[in-house]
Amino acid sequence: MAGLPLPGPALTQSRDLPAGGPPVPDQVRNVLSTLWAAGHEAWVVGGALRDWLAGRRIGSERWDLATDAQPPRLLGIFPGSGYTNRFGTVLIAGVEVTTFRRDHRYGDHRRPDQVTFTDSLAEDLVRRDFTVNAIAWGRRAGDQEERWVDPTDGIADVRARVLRAVGDPAVRFDEDALRLLRGARIAAQAGLTVDPATAAAMTAHAHDVRYVSVERIGQELRRMVQASPPSAAFRILADTGLLEHLVPGLAAQRGLIQDKIPGHDLWDHSLATLDALEDPSPGDERVRLAALLHDIGKPETFIDGHFPGHDQAGARIATDLLARLAFPGRDVSYVARLIRWHMFSYESAWSDAALRRFMVRVGTDLVDDLLLLRRADNVGSGLAPDAGRLAELRGRIAADRLARHPLAMADLAVDGQDIMRALGREPGPWLGQLLARLLDSVVADPARNTPEVLLASARAWASPAHERAASATVRSE
Ligand code: ATP
Ligand code: MG
């Protein structure tokens, strides 16, 4: 469903409810119809409904349904379905179906200690976090038509573009600290402003974010960088004080002036860069995270108006942060590498060999995203998007790719086996070093990539006399 551009619904019916229903995908409609036919209530609730009412791209991966059918009954009606959590939510053909419930005491500021099922939709709706999430569309078993149920006036809030906690905001955030993050993310996704009382309660409870698991924080951050504009989510985090607890290095950017865009501090620059990213692969948050974090090394390296080594410091800080938030290692290192190399400076005078060395040094897998990041960084700095001859660099990289020049070990015309055979030597550290040197020579001059030339070089470079000379040079350096 992600990516579906949807017009907002016409709000013409009496009581100002949307005429017609949401664009429910077939598999969701099937689940609804099956439940109705089995004599149950079934309602669409949650994120997909909210985002559609807000006229936004439906950002939820899943449609959520609520029903009076209890979990064992759901498993019986839908063979092949199974539980997604210990609270009895059932996943049916990709649709999350949750039995009406009322929540109880929240002992750990995170999850209710127990839940009790109820057969009242209204009761189920008012235990939800925000009014825009407490809306239902569907029907009871006996009803002829679908209808809207909106006990907390969530539809009016969507229309007024307000995110408001259901009930007493302080109580709701105290119960469950995850709502702090959900609030910032949902407001950004749906284009809502946080109601002042809700914002005040978020601020008062900001420190409770420590009760949220690192995995969950990471998951919410991934979704925030994908909101449009993503800065909206991070402005809320900053304004409520949540940012200081989540990413102190970014909070420290506030008020740090740099001479890029007049009136912008470093934090404004980070957000402007994030918002300026164009066309990163959908669902891939790595370059977005890199845009957000690219200058996170600046506060701690600031000296005399400069930020020496902030790229390396930033890569280190981002690695610590993302690893702590349980991001997969390959994502952590990808983001860190983007930050490490974001300060590259291209010149027209680069030879083709220099161009290829650049691509190999930063990583051929990274180059496109690195250029996307630079483009956004340019815009966020008040420069033309392609400042620094970015278009020229992009063109030269494309041309070099078309020529399919060797850029990796795997592209070499010989492999380790060939070399060992030709030299009659056992494997050892010498082999990796030799291969790396052969690759360097081929990156500089692709015409060298033939078995004859490479084996000749291998013989020369691996000869004992040559190795002695090489290590003597190293020692004298
Ligand atoms: P998304 O699916 O985009 O994360 P969502 O609002 O649908 O957004 P879900 O986790 O799918 O989030 O939850 C579905 C619904 O359950 C929410 O819309 C809300 O009504 C309710 N809900 C989810 N988490 C909470 C919570 N922590 N506290 C109160 N209600 C919640
Ligand atoms: Mg959902």
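Structure's up top.
Residues numbered from 1 in each chain as written. Chains lettered and ligands numbered in written order. Predicted model: local features only at pLDDT ≥ 70, side-chain atom pairs only at ≥ 80, totals over all residues. Heavy atoms only, no water.

Draft legend 1. View of the overall build of the protein. Of regular secondary structure, the protein possesses 24 helices and 11 strands. Per-residue burial for the protein yields a buried fraction of 51% across its 477 residues. A separation threshold of at least 6 residues defines the contact pool for the protein, and within that pool the share at least 24 residues apart is 66%. Approximately 21,400 Å² of the protein is accessible, and the part contributed by carbon and sulfur atoms is 52%. (Helix = DSSP H or I, 4+ residues; strand = E, 2+ residues; numbered from the N terminus. Buried < 20%, exposed > 50% of the residue type's maximum accessible area, 1.4 Å probe, protein only. Contact = heavy atoms within 4.5 Å. Areas by Shrake-Rupley, 256 points an atom, 1.4 Å probe, with all protein chains shown as cover.)

Draft legend 2. Representation of the site of ligand 1 within the structure. Around ligand 1 there are 14 residues in total, and Gly47, Arg50, Asp64, Arg179 and Arg223 lie nearest to it. Aspartate 129 has a polar backbone atom sitting 3.2 Å from a nitrogen atom of ligand 1. Here an oxygen atom of ligand 1 sits 3.0 Å away from a polar atom, N or O, in the side chain of arginine 185. For ligand 1, whose free accessible area comes to 570 Å², the fraction covered by protein is 84%. Mapped by element, the contributors of at least two residues to the shell around ligand 1 are α2 (47-53) and α7 (178-190). Looking at which element gives the most residues to the shell around ligand 1, the answer is α7, with three residues. Looking at the shell around ligand 1 residue by residue, the classes come out as no nonpolar, four polar and 10 charged. (Near = heavy atom within 4 Å. Polar contact = N/O pair within 3.5 Å; in protein donor to acceptor, adjacent residues only side chain to side chain. Nonpolar A, V, L, I, M, F, W, Y, C, P; charged D, E, K, R; others polar.)

Draft legend 3. Here's a closer look at helix α16 (residues 310-324). End to end, α16 covers 21 Å across 15 residues, agreeing with the expected 21 Å (1.5 Å per residue, within 8%). All buried positions along α16 are accounted for by His310, Asp311, Ala313, Gly314, Ala315, Ile317, Ala318, Leu321 and Leu322. Considering only its buried residues, α16 is in contact with α11 (242-246), α14 (286-293), α15 (298-301) and α17 (329-341). Immediately downstream of α16, the backbone of alanine 326 shows phi near 65 degrees, a positive value. (Expected span 1.5 Å × (residues − 1).)

Everything listed is a geometric property; what it means functionally is a separate question.
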